[in-house]
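Understanding the architecture of this molecule
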Amino acid sequence: MDTLQQINERLSNLEILFLSQKTVLNFDEVAVYTGLSKSHLYKLTSTGGIPCYKPQGKHIYFDKPEIDKWLLQNKKKSNAEIESEAATHVTITRKKL
C-alpha cells in the first residue's frame, strides 16, 4: 500500500512540475495549480474575481503569469518590513523638522 501511495505522490509532483512549465492553463489545470475547488473557481470566473479568457465563449483558459500575480496579491507584510517602514518614516519626519 505504501508503494501505491508513493507512486501517487510522485505523479502529483510530476503533474505540478508539468503545469509550472505551461503558460496557458485550462480550468482543471488551474484548479490543481491553485488548490482551489472547482466550484469556488467557477464562482470566481463568473464574478470576475480571477482573470480568465473565453476565446470561443465556452472553454475557460488562464494566463499562468496572471494567475501567479493574482495568487500573490494582498501581501501581508512581515514584522521586519513593518519595522523598516516605521524607521524610514521616523527618519523622514525628523529630517522635515
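All figures in this text were calculated on a predicted structure; none of them were measured in a lab. (Residues numbered from 1 in each chain as written. Predicted model: local features only at pLDDT ≥ 70, side-chain atom pairs only at ≥ 80, totals over all residues. Heavy atoms only, no water.)

Here we come to the pattern of salt bridges. Per the stated rule, a full pass over the model turns up 5 salt bridges. Glu29 is the salt-bridge partner of Lys22, the closest N and O atoms lying 2.7 Å from each other. Ionic pairing is found between Asp28 and Lys38, a salt bridge with its closest N-O pair at 3.0 Å. Of this pair, Asp28 sits in helix H2 (residues 27-34) while Lys38 sits in helix H3 (residues 38-47); the two residues are 10 residues apart in sequence, bridging distant segments of the chain. The exposure class of Asp28 is partly exposed, given its relative accessible area of 43%. Overall, Lys38 belongs to the partly exposed group, its relative accessible area being 45%. (Salt bridge = Lys/Arg side-chain N within 4 Å of Asp/Glu carboxyl O. Helix = DSSP H or I, 4+ residues; strand = E, 2+ residues; numbered from the N terminus. Buried < 20%, exposed > 50% of the residue type's maximum accessible area, 1.4 Å probe, protein only.)

Predicted confidence across the protein chain gives a mean pLDDT of 89, with 98% of residues reaching 70 or more. Averaged over each element, pLDDT in the protein chain is lowest for helix H5 (residues 79-96) (81) and highest for strand E2 (residues 61-63) (97). (pLDDT = per-residue confidence, 0-100.)

With that settled, the discussion passes to H2. Those residues of H2 lying buried are Phe27, Glu29, Val30, Ala31 and Thr34. Turning to H2, the residues buried within the fold contact helix H1 (2-21), strand E1 (24-26), H3, E2 and helix H4 (64-71). The N-terminus of H2 is capped by Asn26, whose side-chain oxygen sits 3.1 Å from the backbone nitrogen of Asp28. (Contact = heavy atoms within 4.5 Å. Polar contact = N/O pair within 3.5 Å; in protein donor to acceptor, adjacent residues only side chain to side chain.)

For the rest of this paragraph, the subject is the side chain of Thr34. Looking at where Thr34 falls in the secondary structure, it is placed in helix H2. We classify Thr34 as buried; its relative accessible area is 18%. At 2.7 Å, the side chain of Thr34 forms a polar contact with the backbone oxygen of Val30. A distance of 3.2 Å separates the side chain of Thr34 from the backbone nitrogen of Leu36, its partner in a polar contact. Setting aside anything within four residues of it in sequence, one finds Thr34 in contact with Ile67 and Leu71.

Here we come to a nonpolar patch on the surface. On the surface, Leu4, Ile7, Leu11, Leu14 and Leu17 cluster together into a nonpolar patch covering about 520 Å² of accessible area. Looking at Leu11, the relative accessible area reads 52%, which means it is exposed. (Patch = residues over 30% accessible without salt bridge, like charges linked within 9 Å, V, L, I, M, F, W, Y side chains within 5 Å. Areas by Shrake-Rupley, 256 points an atom, 1.4 Å probe, with all protein chains shown as cover.)

Positionally, Glu29 belongs in helix H2. With residues near it in sequence (within four places) discarded, Glu29 still touches Phe18, Leu19, Lys22 and Val24.

Residues other than glycine seldom take positive phi values, yet Asn74 does so here, at roughly 60°. Its place among the elements puts Asn74 in the loop between H4 and H5. Take Asn74: its relative accessible area is 73%, and that puts it in the exposed class.

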